[in-house]
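For reference, the chains in residue letters:
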Amino acid sequence: MASTADLYDEHGEDLQSCSLQLRHHGAHLVFEGVVSTVRCHRDNALVKAALAEPGHGKVLVVDGGGSLESALMGDLIAASAVRNGWAGVVIHGAVRDVAALRELPLGVLALGSNPRKSAKDGIGERDVTVSFGGVDFVPGRQLWADEDGILVTCS
Ligand SMILES: O=C([O-])CC(=O)C(=O)O
């Protein structure tokens, strides 16, 4: 994959760039894939269900509303994402089991971490457009991530 900076130089007008300073937590610092989404708040049942499905190299973008009060993914859910062929998970919210996530062959970007787990009631939405950091993450669009940040196609 070309670096996000090179992609931006080549296709800037066609790309949205995420201004939110998410941290890398997975072993893969460079990843790309088609966007799939979950919107939820302190409830990760939909995240777990999505990552238990075949990922086909997609990236799950989770809009947790920026809450750092509880973790939306830990090492077990992340390991299931690896098994099911997801390329990465981008979380506007928190993860946990950070030491274990670092060993997993998965792209993981998140706002922060918290050892507290989330509810499992299944409240939220799947494959809706979510927006944060100045980017509209529309399901079906292409996403690229590396150590500089995240780019997503505009259409
Ligand atoms: O079960 C959870 O809420 C998340 C978690 O800790 C894991 O994925 O290991």
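Residues numbered from 1 in each chain as written. Predicted model: local features only at pLDDT ≥ 70, side-chain atom pairs only at ≥ 80, totals over all residues.

Draft legend 1. Here's a closer look at helix 3 (residues 75-83). Taken together, the buried positions of helix 3 are Ile-77, Ala-78 and Ala-81. Viewed along the axis of helix 3, the buried residues span an arc of 100 degrees, placing them on a single side of the element. Those residues of helix 3 that are exposed and aimed more than 90 degrees away from the buried face are Leu-76 and Arg-83. Next to the buried residues of helix 3 lie helix 2 (45-51), strand 5 (71-73), strand 6 (88-95), helix 4 (98-101) and strand 7 (107-113). Following helix 3 by one or two positions, Gly-85 adopts a phi angle in the positive range, close to 85 degrees. (Buried ≥ 20, exposed ≤ 12 C-beta atoms within 10 Å, placed from the backbone. Helix = DSSP H or I, 4+ residues; strand = E, 2+ residues; numbered from the N terminus. Arc of directions from axis to C-beta. Contact = placed C-beta atoms within 7 Å.)

Draft legend 2. Seen up close, the site of the ligand. Contacts to the ligand come from Asn-44, Ala-71, Met-73, Gly-74, Asp-75, Leu-76, Ile-77, Arg-96, Asp-97, Lys-117 and Ser-118. Counting only elements with at least two residues in the shell around the ligand, the list comes to strand 5 and helix 3. The greatest single-element share of the shell around the ligand, amounting to three residues, is contributed by helix 3. For the shell around the ligand, a count of residues per class yields four nonpolar, three polar and four charged. (Near = placed C-beta within 6 Å. Nonpolar A, V, L, I, M, F, W, Y, C, P; charged D, E, K, R; others polar.)

Draft legend 3. Structural context of the confidence of the model for the protein. Residues at a pLDDT of 70 or more form 100% of the protein, whose mean pLDDT is 98. Per-element confidence in the protein ranges from a low mean pLDDT of 97 for helix 1 (residues 4-11) to a high of 99 for strand 4 (residues 59-63). (pLDDT = per-residue confidence, 0-100.)

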